[in-house]
Amino acid sequence: MCAKRLINAVLRGVIMEKMWTGRFSKQLDKLADDFNSSISFDCALYKQDIQGSIAHAKMLAGCGIISEEESKVIIDGLKGILSDLESGKLAFDFSAEDIHMFVEAELTARVGDVGKKLHTARSRNDQIATDMRLYLRDESGEVVALIKQLLGAIVEQAKKTKTYIVPGYTHLQRAQPILFAHHLLAYAMMFVRDAGRISDAVRRMNVSPLGSCALAGTSYDTDRTYTAKLLGFDSYCLNSIDGVSDRDFCVELMSAFALVMTHLSRFAEEIILWSSWEFGFVELDDAYTTGSSIMPQKKNSDMAELVRGKTGRVYGDLMAMLTVLKGLPLAYNKDMQEDKECMFDSLRTVKNCLAVFAPMVATMTAKKDNMYRAAQKGFINATDLADYLAKKGVPFRSAYKTVGQIVAYCISQDKVLDELTIDEYKKFDKLFEEDLYGEISLSACVQKRTSAGGTGARSVEQQIKFVEEFIK
Ligand code: ARG
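Values in this document were obtained by computation on a predicted structure and should not be read as measured data.

**Here's the deal with the pattern of salt bridges**
Logical step 1: Counted by the stated rule, this structure contains 32 salt bridges.
Logical step 2: For the salt bridge of D339 with K340, the shortest nitrogen-to-oxygen distance reads 2.7 Å.
Logical step 3: With a relative accessible area of 3%, K340 lands in the buried category.
Logical step 4: When salt bridges with common partners are traced through the structure, they connect D84, K89, E106 and R110 into a single cluster.

Encoded structure:
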């Protein structure tokens, strides 16, 4: 703990005696104390911790476990702590074991012995489980909002580039012509699913553990429905052991975040490729690129690269969480305190990445001519030439073989399909006529792909509408 904070804490008189000193005859070793403490990171939960305590105090009075008077004193004290923390008048005491101990000690310092009644029919085990769910419920809403912001940027780009033709790739080899907007909208579909996965996880998570107490429930006549309702939960955990030992919601959210990062990372990789001189399909705005300290010509896509790099961190966070839970006996074990740093890191990282990605996508410039030039090479209309023959009755497999031979011929002549004369074509098959040129033009190739979900203009319009509806 830094000296200033220590002095502050001493001045406030809340350097805490451990709550559990009754059973012990000796102080906790200083190193062990620091090792055990979680307040340096669970202080992030102060608002939810106080919110949960207020609900608990209301319930205790409602059930006649403490008096209305006492409940009011406790709640006023808690509200004072909250506003003082938010205004900066009160600082966290980093010598506290965790956020729960800090709030309770501060409350008792402010309101006296009545503060000691707050922890009736409660344990830090159900308290932390409640805090985490409340916190992640709020934060998940923010992640979904950021995903929608990115979706907005993708749709904006798709609208701007609706007519741009670009090679579509398989195996990173030019495959078939597509609309650039169709390619962008593929990412929109991924992010729509991501938002859905997060919302699903939140729905399952929105169940109150409060009232599970240490693990077995309580002999007090409490009202868990009431606290659940006060805190906006849909219901309460039916099994108190599960209530305090479940961290599935962390795993589910971290899995969803890991997948968001997978999608961001694939998108980032393409943007990096597209920004290279080799592709030249897009140029990122200066505001989202960096220069080199030595090479004056450089314009690097650092933001996209960092997103790609940070993906590994978020995967690691998920692995850390899964591994904490693996083999843990029921119910609460201190191992579970390790849920927080990886959960918070995963959350912070995914939020930061989404926040920078959206404006980066919104401001990038698509280079129509470069895309078109690339689409003219690589025989990406070869499938359409085979379809031309097939539509004249040649079995597709035979047409495919003929076109393969034509492509080989083109390569030997250093030509593209559009450049062969009709006489050259007729050497391969008599069925070729002048109309083939119209059929294999790039714009025709794209326009003809009218199948549902294909790259045709109507499908692209439908996709834009779908994503816009989703954002609303
Ligand atoms: N700081 C603890 C955690 O984050 C709170 C619960 C402590 N419970 C206990 N029985 N020691 O998990």
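So that's the structure; there's more coming.
**Comments concerning the side chain of Q157**
Logical step 1: Structurally, Q157 is set in helix 7 (residues 124-160).
Logical step 2: Setting aside anything within four residues of it in sequence, one finds Q157 in contact with L184, V361, A362 and M364.

**As for unusual backbone geometry**
Logical step 1: L330 connects to A331 through a cis peptide bond whose omega is 0 degrees.
Logical step 2: Within the secondary structure, A331 is located in the loop between helix 12 (302-325) and helix 13 (339-363).
Logical step 3: Within the chain, L172 stands out as a residue other than glycine whose phi angle is a positive 55 degrees.
Logical step 4: The exposed category is assigned to L172, whose relative accessible area is 55%.
Logical step 5: One non-glycine residue, F379, lies in positive phi territory at about 55 degrees.
Logical step 6: With respect to the helices, strands and loops of the structure, F379 is situated in the loop between helix 14 (368-376) and helix 15 (382-391).

**Concerning the side chain of H100**
Logical step 1: With respect to the helices, strands and loops of the structure, H100 is situated in helix 6 (residues 99-111).
Logical step 2: A residue is classified by how much of its surface remains accessible, and H100, at 4% relative accessible area, is buried.

**Considerations on helix 14**
Turn by turn, an α-helix covers 3.6 residues, leaving residues three or four places apart pointing in a common direction.
Logical step 1: Those residues of helix 14 that sit buried are M371, A374 and A375. Down the axis of helix 14, the buried set is contained in an arc of 100 degrees. They therefore lie on one face.
Logical step 2: Among the structural elements, strand 1 (165-170), strand 2 (173-179), helix 8 (180-205), strand 6 (365-366) and helix 19 (442-448) are those in contact with the buried residues of helix 14.
Logical step 3: Of the residues flanking the end of helix 14, it is G378, one or two places downstream, whose phi is positive at about 90 degrees.

**Quick word on the packing of helix 11 (residues 248-275) against helix 13**
Logical step 1: Taken N-terminus to C-terminus, the directions of helix 11 and helix 13 make an angle of 35 degrees; their axes are 10 Å apart at the nearest point. Every pair of crossing elements has a handedness; the one defined by helix 11 and helix 13 is left-handed. For the pair helix 11 and helix 13, the contacting residues are C250, L253, M254, F257, V260, M261, L264, F267, A268 and I271 in the first and D339, C342, M343, S346, L347, V350, C353, L354, F357, M360 and V361 in the second.
Logical step 2: Classifying every residue of the contact of helix 11 with helix 13 by side-chain character gives 19 nonpolar, one polar and one charged.

**Here we look at the site of the ligand**
Logical step 1: Around the ligand sit S38, D42, D98, H100, R124, N125, I128, Y332, Q337 and K340, and those are all the residues in its vicinity.
Logical step 2: At a separation of 3.2 Å, a nitrogen atom of the ligand approaches a polar side-chain atom of S38.
Logical step 3: In the environment of the ligand, an oxygen atom lies 2.5 Å from a nitrogen or oxygen atom belonging to the side chain of Y332.
Logical step 4: Relative to its free-state accessible area of 340 Å², the ligand is covered by the protein chains to the extent of 87%.
Logical step 5: Broken down by element, the shell around the ligand gets its largest block of residues, three residues, from helix 7.

**Description of the packing of aromatic side chains**
Logical step 1: Taken as a whole, this structure holds 14 aromatic pairs when the rule is applied.
Logical step 2: A centroid spacing of 6.4 Å and a plane angle of 45 degrees characterise the contact between F396 and Y400, whose relative ring orientation is tilted. With F396 and Y400 both in helix 16 (residues 396-413), this residue pair falls four residues apart, about one helical turn.
Logical step 3: An angle of 75 degrees between the planes, with centres 6.0 Å apart, marks the rings of Y425 and Y437 as edge-to-face. Here Y437 lies in helix 18 (residues 436-439) and Y425 lies in helix 17 (residues 422-428), a separation of 12 residues in the sequence.
Logical step 4: For Y425, a relative accessible area of 0% translates into the label buried.
Logical step 5: One aromatic cluster is present, formed by Y46, F92, F94 and F102 through successive ring pairs.
Logical step 6: Cation over ring: R23 sits above F24, and NZ or CZ is 5.9 Å from the ring centre.
Logical step 7: Lying over the aromatic face of F233, R137 brings its terminal NZ or CZ to 5.3 Å of the ring centre.

**Re a nonpolar patch on the surface**
Logical step 1: Residues L215, I241 and L330 make up a contiguous nonpolar surface patch of roughly 280 Å² in combined accessible area.
Logical step 2: With respect to the helices and strands, L215 occurs in the loop between strand 3 (207-208) and helix 9 (224-230).
Logical step 3: On the accessibility criterion, L215 (39% relative accessible area) is partly exposed.

Parameters and conventions
Residues numbered from 1 in each chain as written. Predicted model: local features only at pLDDT ≥ 70, side-chain atom pairs only at ≥ 80, totals over all residues. Heavy atoms only, no water. Salt bridge = Lys/Arg side-chain N within 4 Å of Asp/Glu carboxyl O. Buried < 20%, exposed > 50% of the residue type's maximum accessible area, 1.4 Å probe, protein only. Helix = DSSP H or I, 4+ residues; strand = E, 2+ residues; numbered from the N terminus. Contact = heavy atoms within 4.5 Å. Arc of directions from axis to C-beta. Axes fitted to C-alpha atoms, helices over the stretch in contact; angles between N-to-C directions. Left-handed = near helix turned anticlockwise from the far one by under 90°. Nonpolar A, V, L, I, M, F, W, Y, C, P; charged D, E, K, R; others polar. Near = heavy atom within 4 Å. Polar contact = N/O pair within 3.5 Å; in protein donor to acceptor, adjacent residues only side chain to side chain. Areas by Shrake-Rupley, 256 points an atom, 1.4 Å probe, with all protein chains shown as cover. Phe/Tyr/Trp six-rings, centres within 6.5 Å; stacked < 30°, edge-to-face > 60°. Lys NZ or Arg CZ within 6 Å of the ring centre and 35° of its normal. Patch = residues over 30% accessible without salt bridge, like charges linked within 9 Å, V, L, I, M, F, W, Y side chains within 5 Å.

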